[in-house]
Amino acid sequence: MEQEKVFVVRMGVISALGNSPEALWTHLLAGRSGIEKNTFRTFRTVFSGYNPTGSQLVNTIAAEVKHFDPQDWMIDKKDARRMDPFSKFALAAAIQAMEQSDMGSIALPGERTGVFIGTGEGGLTTLEYQQHIFQTRGANRVSPLLIPMTMPNAAAGIIASR
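Residues numbered from 1 in each chain as written. Predicted model: local features only at pLDDT ≥ 70, side-chain atom pairs only at ≥ 80, totals over all residues. Heavy atoms only, no water.

## Looking at the nonpolar core
Membership of the largest hydrophobic core comes to 15 residues, with the highest contact counts inside it found for Ile-14, Phe-68, Trp-73, Ile-75 and Leu-91. Every element with two or more residues in this core is listed here: α4 (85-100) and α7 (154-161). Take this core: its biggest share by element is six residues, from α4. Excluding residues that lie within four positions of it along the chain, Leu-91 makes contacts with Ile-75, Met-83, Ile-158, Ile-159 and Arg-162. (Core = buried A, V, L, I, M, F, W, Y, C linked by side-chain atoms within 4.5 Å. Buried < 20%, exposed > 50% of the residue type's maximum accessible area, 1.4 Å probe, protein only. Helix = DSSP H or I, 4+ residues; strand = E, 2+ residues; numbered from the N terminus. Contact = heavy atoms within 4.5 Å.)

What follows is the structure in structure tokens.
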């Protein structure tokens, strides 16, 4: 049986060290760390009015993604509200990779195309926020999109659909 070939065409990056492969590489070569004092920027950006700085969180440092606007990556406001940040970051990285590969306009055959993303967990920002909603406003106020937004395969599904 002949083995199929797998090609890694290009890369995309959304990270605490930059939102492109070039930015990440430049910062890595410079020995820079993306870890710094936690500002909870992600929570304030994604969930207006929710800021867990008053919570009992022990961690005061994080590697936060900065300067990320979903609309820069063709993610409209309605879709963005239905995605956890990890899915938005994954979709933006996939869009970068497709744009760099000059494959953005090519119709890929669905039966020969796949999306594989390694993740231990998905949607933790949404999970924490919905836990806050549950505790402060009750079970009836928890989003019906909680499960789809927190599934580990949510990012791969969104990318495949796109």
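## Considering the environment of Gly-123
Along the chain, the position of Gly-123 falls in the loop between α4 and α5 (124-137). With 29 residues separating them along the chain, Gly-123 and Pro-152 place their C-alpha atoms 7.2 Å apart. Other than its neighbours up to four places away in sequence, Gly-123 contacts Asp-84, Phe-86, Met-149 and Thr-150.

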